[in-house]
Amino acid sequence: MAETKEQRIARQIYEQVGGMGNVDSVIHCMTRVRMDIKDNAKVDLDGLKKIDGVMGIVEDDTLQVVVGPGTVNKVANQMVAMAGVRLGDKIPAGKSAATVSGRSEAEKKAAANKAELKKKNNTPFKRVLKDIANIFVPLIPAFVGAGIIGGIASIFGNMLVAETISGANWENSVVVLNIIKNGLFLYLNVYVGINAAKVFGATEGLGGVVAGIIYLPGMNIEAPLTNIFTGAPMAGGQGGIIGVIFAVYLLSLVEKSLRKVIPDSIDIIVTPTISLLTIGLVTIFLIMPVAGAVSTSLVGAITWVLNVGGAFAGFVLGTLFLPMVMFGLHQILTPIHIEMISSQGMTLLLPILAMAGAGQVGASIALWVKCRKNKQLTNMIKGSLPVGILGIGEPLIYAVTLPLGRPFITACIGGGIGGAVIGLFGGIGATAIGPSGVALIPLIANGQWWGYVVGLLAAYAGGFAATYLFGVPKAAMEPTELETYDEEKELVTESIVG
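Quick caveat, the model's predicted, so the values are computed rather than measured. (Residues numbered from 1 in each chain as written. Predicted model: local features only at pLDDT ≥ 70, side-chain atom pairs only at ≥ 80, totals over all residues. Heavy atoms only, no water.)

Q: Whenever I open this one, the packing of aromatic side chains confuses me. Can you help?
A: Any pair of aromatic rings gets described here by the distance separating the centres and the angle formed by the planes. Applying the stated criterion to the full structure yields five aromatic pairs. Aromatic pair F200 and Y249: ring centres 5.4 Å apart, planes at 75°, arrangement edge-to-face. Of the two residues, F200 is situated in helix 8 (residues 188-200) and Y249 in helix 10 (residues 240-261); the sequence distance between them amounts to 49 residues. Its relative accessible area of 14% is what places F200 among the buried residues. When its relative accessible area of 37% is taken as the criterion, Y249 is described as partly exposed. Lying across the ring of Y468, K370 places its NZ or CZ 4.7 Å from the centre. (Phe/Tyr/Trp six-rings, centres within 6.5 Å; stacked < 30°, edge-to-face > 60°. Helix = DSSP H or I, 4+ residues; strand = E, 2+ residues; numbered from the N terminus. Buried < 20%, exposed > 50% of the residue type's maximum accessible area, 1.4 Å probe, protein only. Lys NZ or Arg CZ within 6 Å of the ring centre and 35° of its normal.)

Below you can see the structure in the form of structure tokens.
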């Protein structure tokens, strides 16, 4: 049987990272294959970039290979299938480990120095970002599917209220769609608790139970528990996602400590019982009140900034979001989005941040117009633009704008212009996370989709104009290979990082 495109990419990735034996585990997000590498000195980054189908490389605490939406899950699944494991599982050490050949001693030493520097940069903050990503990335497909279904239900519901449609069948359709949507959002804490337990090294089932405690199931609503700090009645869900993550982290510490002292013969009985009782009490009487206050204050502060800052706040957020995506810092916003959705029914941040991708679309169209002679560049734009319009911007970042340097900056400006428009309108929020770009339109709350569309068009136009006038390198307009921009790319990247 002939080798498929995904099989070839998976095989070639292994070849360029030092072989299967040099990879500890493989997972993926919407566009990137993420690998934990054992020995960074064995990784040939230049070889990875030259693989047909690879759009870019991101070096962080994990090595991330950008291959684009749709392709990424197929490539990642091929990689774990080759290793005989599942996504996220450790690859056995005995797997074959081909080495990277043809590298000089100087190159190997440079790679080793780079690996040592990377190890020193493995800061607690970056580890927190990695944990947040590992908790929420597996849930993104569920957010996308359930969010869009909920958006459809909302549209039908509005049509029923306006009497555009009528009848029991339509009413039942809305009920059924909302039931499907609530399969995620009603029990989101539990899913997050299970994922958090996996990330922190606790028992996944216990993580789900601890997360479920935050709903206060079985509490007598006529005689509710009281907040030990304020004396006010407690409500189910208080503390939300932030409380869940912290509670499960404490669970992992308690569980690991108990397993060191509890005899194996009674471990299965004693450890989960003591862990649940201890963390359950801490969760109800300490974590829920504190995390609830933190969540409320955080959401309130962000809402205040957006309401007061208006267009200026929107411009700053829209401009800075692309660099945040590039360095993986956007993951820290995920719990904030979810808290805003839980408390307000929508996140005001997401529509503004989505403008960053729209700015890239405008910048890429400008490059397409001015660089028609450069067939390699225009082919990359043709392949990346459709998914960019749908809100997945990483192919455009790593295959088009960032390698050229200046278009990345002008794309950020376009995103800021779109963000300013959204901020100026105010009150435009999304009912779920996951999609952006055009795909976010069905998720815009309270019939404000028109304002979001105006913001998108402004970001497209801003990114196009800024790039067309100031962002196109002269060399890009010539029929040359994109690799000739490596020097400019490195200088721009260094200036951004620095």
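Q: Just checking my understanding: could you explain helix 18 (residues 449-471) for this structure?
A: Residues spaced three or four apart along an α-helix face the same direction, because each turn holds 3.6 residues. Listed as buried for helix 18 are G451, Y452, G455, L456, A458, A459, Y460, G462, G463, A466, T467 and G471. Its buried side turned inward, helix 18 meets helix 13 (349-353), helix 14 (355-370), helix 15 (375-389) and helix 17 (406-425). (Contact = heavy atoms within 4.5 Å.)

Q: In this structure, what is going on with the nonpolar core? I would like to understand it.
A: One recurring pattern in soluble globular proteins: nonpolar side chains tend to sit buried together. The biggest cluster of nonpolar side chains holds 87 residues, and the ones touching the most others in it are F136, L188, V192, L440 and Y452. Here this core takes twelve residues from helix 11 (residues 264-326), the largest share from any one element. Those residues in contact with L440 that sit more than four places away from it in its chain are L350, P351, A354, A430, A432, P435 and Y452. Within the second largest apolar cluster, 28 residues are counted, among which are V23, V26, V65 and M79. (Core = buried A, V, L, I, M, F, W, Y, C linked by side-chain atoms within 4.5 Å.)

Q: I keep staring at the layout of surface pockets and nothing clicks. Help me out?
A: If you roll a probe as big as a water molecule over the atoms, it shows you where there is empty space left. As a volume, the second largest pocket reaches approximately 960 Å³. Together, 48 residues line the second largest pocket, and I341, S342, G345, M346 and T431 are the ones closest to its centre. Those elements that provide at least two residues to the lining of the second largest pocket are helix 6 (140-161), helix 7 (168-185), helix 8, helix 10, helix 11 and helix 12 (334-344). Ranked by the residues each element gives to the lining of the second largest pocket, the list is headed by helix 6, at eight residues. (1 Å grid on protein atoms, 1.4 Å probe; cavity = no way out; pocket = protein on both sides within 12 Å on 5 of 7 lines; lining within 4 Å. Points joined across faces, edges and corners; volume = space filled by probe spheres on them.)

Q: Sorry if this is basic, but what is going on with empty space enclosed by the protein here?
A: One pass over the full model with this rule turns up one cavity of 30 Å³ or more. By volume, the largest cavity is sized at about 140 Å³. In terms of lining, the largest cavity is formed by 16 residues, of which the most central are R34, D60, D61, Q64 and K130. Of all the secondary structure elements, the ones that give two or more residues to the lining of the largest cavity are strand 2 (32-37) and helix 5 (124-136). Per-element tally for the lining of the largest cavity: the top contributor is helix 5, with five residues. Partitioning the lining of the largest cavity into residue classes produces four nonpolar, six polar and six charged. (Nonpolar A, V, L, I, M, F, W, Y, C, P; charged D, E, K, R; others polar.)

Q: It is not clear to me how the packing of helix 5 against helix 8 should be interpreted in this structure. Could you clarify?
A: Helix-helix packing is characterised by the crossing angle of the two axes and by the distance between the axes. For the pair helix 5 and helix 8, interaxial distance at closest approach is 8 Å and the crossing angle is 135°. Comparing their axes, helix 8 and helix 5 come out oblique. Helix 5 and helix 8 meet at a crossing whose hand is right-handed. Contact with helix 5, carried on its side by D131, N134, I135 and F136, involves V192, N195, A196, V199 and F200 of helix 8 and no other residues of that element. Considered class by class, the residues forming the contact of helix 5 with helix 8 number six nonpolar, two polar and one charged. (Axes fitted to C-alpha atoms, helices over the stretch in contact; angles between N-to-C directions. Parallel < 35°, antiparallel > 145°, perpendicular 65-115°, else oblique. Left-handed = near helix turned anticlockwise from the far one by under 90°.)

Q: I'm lost on unusual backbone geometry in this one. Help?
A: The phi torsion of most residues other than glycine is negative, and most of the peptide bonds are trans. You will see that L216, though not glycine, has its phi angle at about 55°, which is positive. Here L216 is to be found in the loop between helix 9 (204-213) and helix 10. Although it is not a glycine, N446 adopts a positive phi angle of roughly 60°. Inspection of the secondary structure puts N446 in the loop between helix 17 and helix 18.

Q: Before we go on, may I ask you to explain the side chain of T62 in this structure?
A: Along the chain, the position of T62 falls in the loop between strand 3 (56-59) and strand 4 (63-66). Looking at T62, its side chain comes within polar contact range of the side chain of Q64, at 3.2 Å. (Polar contact = N/O pair within 3.5 Å; in protein donor to acceptor, adjacent residues only side chain to side chain.)

Q: How do you make sense of the pairing of strand 2 when you look at a structure like this?
A: Each regular strand carries side chains that alternate between the two faces of the sheet. Most of strand 2 sits out of view: five of its six residues are buried. Relative to strand 2, strand 1 (residues 23-28) is paired through five bridges, and the arrangement is antiparallel. Residue pairing for strand 2: V23 is matched across the bridge by I37. Counting the residues in the hairpin turn of strand 1 and strand 2 gives three residues. Pairing of strand 2 with strand 4 involves four bridges; the strand directions are antiparallel. By the bridge assignment for strand 4, R34 is matched with Q64. (Pairing = 2+ DSSP bridges.)

Q: Explain the pattern of salt bridges to me, please; I cannot follow it from the model alone.
A: Pairing is possible between side chains that carry opposite charge, provided their charged atoms lie close to one another. With the rule as written, the count across this model stands at seven salt bridges. Between D52 and R8 there is a salt bridge, with its nearest N and O atoms 3.9 Å apart. Of this pair, D52 sits in the loop between helix 2 (45-49) and strand 3 while R8 is found in helix 1 (residues 5-16), placing the two residues 44 residues apart along the sequence. By relative accessible area, D52 is classed as exposed at 57%. Residue classification places R8 among the buried residues on the basis of a relative accessible area of 19%. (Salt bridge = Lys/Arg side-chain N within 4 Å of Asp/Glu carboxyl O.)

Q: Looking at this structure, how should I read the confidence of the model for the protein?
A: Segments scoring low in pLDDT should not have their predicted coordinates read at a detailed level. Here the protein shows a mean pLDDT of 84. Residues at 70 or above account for 90%. A low-confidence stretch, residues 481-498 stays under pLDDT 50, and its non-local contacts, those more than four residues away or across chains, total 26 contacts. (pLDDT = per-residue confidence, 0-100.)

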